[in-house]
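# Descriptive analysis of the structure
Now for the letters of each chain:
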Amino acid sequence: MASHQQGTNLPANIHAPASPRQVMPAIESGPVPVFTMTPARKGKAPTHLADLDIPARKKASEEAGLPKFRADQLSRHYFERHETAHTSLTDIPAAQRETVAEIFFPPLLEKVRNLTADRGQTIKTLWRLFDGAMVETVLMKYPGRTTLCISSQAGCGMACPFCATGQGGLTRNLSTGEIVEQVRMGMVAAESGDLAGGSTCVTNIVFMGMGEPLANWKQVQAALHRLIEPSPSGFGISARNVTVSTVGMVPLIAKLAEEGLPVTLAVSLHAPDDELRDPLIPLNSRFKVKELLDAARAYFVKTGRRVSIEYALIRDMNDHQWRAQLLADELNKRGRGWVHVNPIPLNPTPGSIWTASLPEVQRIFVDTLVAAGIPTTIRDTRGSDIDGACGQLAAEVKATSVRARKAQEAAEAMKSNDQTEVK
Ligand code: SF4
């Protein structure tokens, strides 16, 4: 860090604070977090129509004793009308509807809880999967668009110390069907008028919920095809309106670029220097900042899609003016017009090291990037009155159920002690 001088290249109208402090990432207890790609569980959800491409759906249809064209009918029910109930399959012979729905549309997500914020314009939903694992989605209405944030894994192995999901580890990868079902359920909620202001259509999908999407590449890859390809193959969402975020799975950024689906790539950078990014994002021990930015730039060259750099502003940790300048220099070194920076203000958390930057410091950070010619937009943080970071709702419910289970175990132990004593 000594190599970076505070206040270098300061534009005339920008004044940095006199004595910047450096707070380093820390965890409350236990060993230093290490990322892992190995899930705790291997369980696989039941096969669903959304897992299958068109040839596989035809094959499944034949195996179920149905003519091949049923696959097309069922696909249109699912991807055009977003329906799976046997009662809605009116073009299937009545005697077969229930069986067909059981085979092709096994229930994958059970709603556990909805939390609403932003005067009804944001709904965060916690879902239970077939094996009890939990994931979250967030549905957000904006002027002119409705965005759904989805999860790609139950838990996350990336172990970022600021993230509730990361603290719980990786439970398991989601199947393609489980990812796609989050989208269908979000579409149904939006169309049913669950958001304030009435019925709307989901226009944008962001993979920014639980998990590192590129660590579950095969399933996410197939899910992207289902989201983007037109019916009957998929929902037909514009690739431009789909965003895949990553903390830095460098080799898979290249694979994503080769996929021929020009989705938006969002890189959760949060620090432009390895000294800070190593403890902030454990995966940085494998892929360094420069490699990651090179991969992001290569993504732009291959797809023509401008890359988003996500940067959570954390007080005295990563919000220094010299870091804004270093970030701008690293981005400009790789060319102009290929990247956009989204600083994300955190919620103020008094007493925590993970707290909001001061408004003045935030302004200096943004002004420094803008003065260096980097398009920069402070990101709207929806649902901040529900909870701050991905995974917190699931973590809370998990903690509650762990507490409940422990209380029950303690009660049972006491009961059995009592019985032993009586005997
Ligand atoms: S911030 Fe994202 S990548 Fe890091 S642990 Fe949380 S969910 Fe995983």
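From a predicted model like this one, the values you see are computed outputs, not experimental measurements.

What counts and what doesn't
Residues numbered from 1 in each chain as written. Predicted model: local features only at pLDDT ≥ 70, side-chain atom pairs only at ≥ 80, totals over all residues. Helix = DSSP H or I, 4+ residues; strand = E, 2+ residues; numbered from the N terminus. Buried ≥ 20, exposed ≤ 12 C-beta atoms within 10 Å, placed from the backbone. Contact = placed C-beta atoms within 7 Å. Pairing = 2+ DSSP bridges. Expected span 1.5 Å × (residues − 1). Near = placed C-beta within 6 Å. Nonpolar A, V, L, I, M, F, W, Y, C, P; charged D, E, K, R; others polar. Core = buried A, V, L, I, M, F, W, Y, C linked by C-beta atoms within 7 Å. Domains from an automatic or database assignment. pLDDT = per-residue confidence, 0-100. Axes fitted to C-alpha atoms, helices over the stretch in contact; angles between N-to-C directions. Parallel < 35°, antiparallel > 145°, perpendicular 65-115°, else oblique. Left-handed = near helix turned anticlockwise from the far one by under 90°.

Attention now goes to the overall build of the chain. Summing up its helical and strand segments, the chain has twelve helices and eleven strands in all. A burial count over the chain gives 43% of its 423 residues as buried. For the chain, the proportion of contacts with a sequence separation of at least 24, taken over those separated by at least 6, is 69%.

Looking along a regular strand, one sees the side chains alternate between the two faces of the sheet. A large share of strand S3 (residues 134-142) lies buried, amounting to eight of its nine residues. In the sheet, strand S2 (residues 122-128) pairs with S3 via seven bridges, with the strands oriented antiparallel. Bridge pairing links Ile 123 to Leu 139 in S3. Where S2 folds back onto S3 in an antiparallel hairpin, the turn is made up of five residues, including Gly 132, whose phi is positive at roughly 90°. Joining the antiparallel neighbours S3 and strand S4 (residues 145-149) is a turn of two residues, in which Gly 144 adopts a positive phi near 85°.

With that out of the way, let us pick up helix H6 (residues 217-228). Taking 1.5 Å as the rise per residue, H6 with twelve residues should run 16 Å; its terminal C-alpha atoms sit 16 Å apart, in good agreement. Turning to H6, its buried residues number three or more, namely Gln 219, Val 220, Ala 223, Leu 224, Arg 226, Leu 227 and Ile 228. Those residues of H6 that are buried lie in contact with strand S6 (170-173), helix H5 (176-191), strand S7 (204-207) and strand S8 (242-246).

All right, on to the site of the ligand then. Looking at the ligand, there are twelve residues lining it, with Cys 156, Met 158, Cys 160, Cys 163 and Gly 166 nearest. Broken down by class, the residue content of the shell around the ligand amounts to eight nonpolar, three polar and one charged.

With that settled, consider the nonpolar core. Counting 107 residues, the largest nonpolar core has Leu 227, Ile 253, Leu 265 and Ala 296 as its most contacted members. Broken down by element, the residue count for this core peaks at seven residues, all from H5. Both of domain 1 (49-104) and domain 2 (110-403) provide at least three residues apiece to this core.

Note the cis peptide between Ser 231 and Pro 232, where omega equals 10°. Within the secondary structure, Pro 232 sits in the loop between H6 and S8. With phi around 55°, Arg 119 is a residue other than glycine that occupies positive phi space. Position of Arg 119 relative to the elements: it lies in the loop between strand S1 (110-117) and S2. Judged by the 8 C-beta atoms lying within 10 Å of it, Arg 119 falls in the exposed class. A positive phi angle, close to 60°, is found at Ala 159, a residue other than glycine. Tracing the sequence through the fold places Ala 159 in the loop between strand S5 (153-155) and helix H4 (164-168).

Before going further, it helps to examine the environment of Thr 84. Turning to its location among the elements, Thr 84 is positioned in the loop between helix H2 (69-79) and helix H3 (97-104). Taking C-alpha positions, Thr 84 is 8.9 Å from Pro 106, a pair spaced 22 residues apart along the chain. Leaving out residues up to four positions away in the same chain, Thr 84 has contacts with Tyr 78, Ala 101 and Phe 105.

As a further point, take the confidence of the model for the chain. Per-residue pLDDT for the chain has a mean of 87; in total, 84% of the residues score no lower than 70. Note on residues 1-9: pLDDT under 50 across the span, and 17 contacts to partners over four residues away in sequence or across chains. Confidence drops under a pLDDT of 50 for residues 385-423, and excluding neighbours within four residues, the segment shows 39 contacts in the predicted structure.

Before going further, it helps to spend a moment on the sheet that holds S3. The strand order across the open sheet built from nine strands is S1-S2-S3-S4-S7-S8-S9-S10-S11, with neighbouring strands paired in mixed fashion. Where the open sheet ends on each side, the last strands, each with one partner, are S1 and strand S11 (339-345). For this sheet the average axis-to-axis angle between neighbouring strands, irrespective of direction, equals 20°. Bridging between S8 and strand S9 (residues 264-268) involves four bridges; their strand directions are parallel. When the sheet's bridge partners are listed, Ser 245 is paired in S9 with Ala 266. The sheet strands contacting helix H9 (residues 289-303) are S9 and strand S10 (307-313), and the helix crosses S9 at an angle near 170°.

With seven bridges connecting them, S1 and S2 associate as antiparallel partners. Residue pairing across strands places Asn 114 opposite Thr 125, the latter belonging to S2. Adjacent in sequence and paired antiparallel, S1 and S2 are bridged by four residues, among which Asp 118 carries a positive phi angle near 50°.

A packed helix pair is summarised by two numbers, namely the angle formed by the two axes and the spacing between the axes. Relative to each other, helix H7 (residues 250-258) and H9 sit at 0°, their axes nearing to 9 Å. It follows that H7 is roughly parallel to H9 by the angle criterion. Judged by residue contacts, Val 250, Ile 253, Ala 254 and Ala 257 of H7 engage Glu 291, Leu 292, Ala 295, Ala 296, Ala 298, Tyr 299, Lys 302 and Thr 303 from H9. Partitioning the contact of H7 with H9 into residue classes produces nine nonpolar, one polar and two charged.

Attention now moves to the packing of helix H1 (residues 54-63) against H2. Relative to each other, H1 and H2 sit at 115°, their axes nearing to 8 Å. Remark: the crossing between H1 and H2 carries right-handed chirality. Within the contact between the two elements, H1 uses Arg 57, Lys 58 and Ser 61 and H2 uses Arg 70, Ala 71 and Ser 75. Considering only residue class, the contact of H1 with H2 consists of one nonpolar, two polar and three charged.

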